[in-house]
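# Results of the structural survey
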Amino acid sequence: MATAQHGPLHLDAVPSAAALRIAVVVSEWNAEITENLYQGAHAVLEQKACSAIKRIDVSGSFELVYGCKLAMNAGYDAVIALGSVIRGETAHFDYVCEAVATGIKDLNLQGKSPVIFGVLTDDSLSQAKARSGGKLGNKGAEAAVAAIKMAMLAI
């Protein structure tokens, strides 16, 4: 969901999250970006009355999959993965992005609880800033909306 294409988030159409337990797994790598993503997600969850929000910090985006697996196995109603991978001069970007996307997809196939992909995969720091609270919105906030909606499917 691209905020720039769809306009601002309309939280009135999002169900209450009061009964939900949601874990937010946050990569410490590119912390300036991931902290903004977390703040966006946390604000939406609080606004929708979710009082059971668990933050789990992991060292990097590659480690998000393991952190999400732990949260999923702990019985959270939904898990949000927040990370930021910025393209550099090597193929490292491609390997990390592919591994994280595949890992989160695999967790979703287990069906215990939805795991939301809130990982920015940008070509530059300016693109990441634009998507983490800048002119293109906050993908963390969008991930929180997706988490609430997906968790409600199982209730």
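Refer to the structure presented above.
All of these numbers come straight from a predicted model, not from anything done at the bench. (Residues numbered from 1 in each chain as written. Predicted model: local features only at pLDDT ≥ 70, side-chain atom pairs only at ≥ 80, totals over all residues. Heavy atoms only, no water.)

## Remarks on the overall build of the chain
On a plain count of helices and strands, the chain comes out with six helices and six strands. For the chain, the sequential pattern of α-helices and β-strands runs α-β-α-β-α-β-α-β-α-β-β-α. Its C-alpha atoms give the chain a radius of gyration of 14 Å, within 12% of the compact-globule value 15 Å for 155 residues. Principal axes of the C-alpha set define a box for the chain whose edges measure 45 × 35 × 20 Å. By residue count, 45% of the 155 residues in the chain fall in the buried class. Long-range contacts, defined here as pairs at least 24 residues apart, represent 80% of the contacts in the chain between residues at least 6 apart. Measuring between centres, the 13 positive side-chain charges of the chain sit 5 Å from its 15 negative side-chain charges. (Helix = DSSP H or I, 4+ residues; strand = E, 2+ residues; numbered from the N terminus. Rg over C-alpha atoms; globule rule 2.2 N^0.38 Å. Buried < 20%, exposed > 50% of the residue type's maximum accessible area, 1.4 Å probe, protein only. Contact = heavy atoms within 4.5 Å. Lys, Arg positive; Asp, Glu negative; His and termini not counted. Charge placed at Lys NZ, Arg CZ, Asp CG, Glu CD.)

## Quick look at helix H2 (residues 31-47)
Between its first and last C-alpha atoms H2 spans 24 Å; for 17 residues at 1.5 Å apiece the expected length is 24 Å, and the two agree. Taken together, the buried positions of H2 are Ile33, Thr34, Leu37, Tyr38, Gly40, Ala41, His42, Val44 and Leu45. Just past H2, the residue Ala49 takes up positive phi, approximately 70°. (Expected span 1.5 Å × (residues − 1).)

## Some remarks on the nonpolar core
Of all hydrophobic cores here, the largest spans 27 residues; its most connected members are Ile22, Val24, Val44, Leu45, Ile80, Leu82 and Ile148. At the level of secondary structure, the elements contributing two or more residues to this core comprise strand E1 (21-27), H2, strand E3 (78-86), strand E4 (115-122) and helix H6 (139-153). In terms of residue count, H6 provides more of this core than any other element does, seven residues in total. In terms of nonpolar packing, the next biggest core, distinct from the first, is built from 19 residues, Val58, Ala81, Ile104 and Val115 among them. (Core = buried A, V, L, I, M, F, W, Y, C linked by side-chain atoms within 4.5 Å.)

## Some thoughts on the packing of helix H3 (residues 64-73) against helix H4 (residues 92-110)
In the contact formed by H3 and H4, the axes pass within 9 Å of each other and the chain directions differ by 15°. Looking at the two axes, H3 sits roughly parallel to H4. The interaxial crossing formed by H3 with H4 has right-handed handedness. Taking contact as the criterion, the partners of Leu64, Val65, Cys68, Lys69 and Met72 in H3 are, on H4, Ala99, Val100, Gly103, Ile104, Leu107 and Gln110. Considering only residue class, the contact of H3 with H4 consists of eight nonpolar, two polar and one charged. (Axes fitted to C-alpha atoms, helices over the stretch in contact; angles between N-to-C directions. Parallel < 35°, antiparallel > 145°, perpendicular 65-115°, else oblique. Left-handed = near helix turned anticlockwise from the far one by under 90°. Nonpolar A, V, L, I, M, F, W, Y, C, P; charged D, E, K, R; others polar.)

## Observations concerning the packing of aromatic side chains
One pass over the full model with this rule turns up zero aromatic pairs. It is Arg21 that lies over the ring of Tyr76; its NZ or CZ is 4.2 Å from the centre. Across from the ring centre of Tyr38, 4.3 Å away, lies the NZ or CZ of Arg55, which sits over that ring. (Phe/Tyr/Trp six-rings, centres within 6.5 Å; stacked < 30°, edge-to-face > 60°. Lys NZ or Arg CZ within 6 Å of the ring centre and 35° of its normal.)

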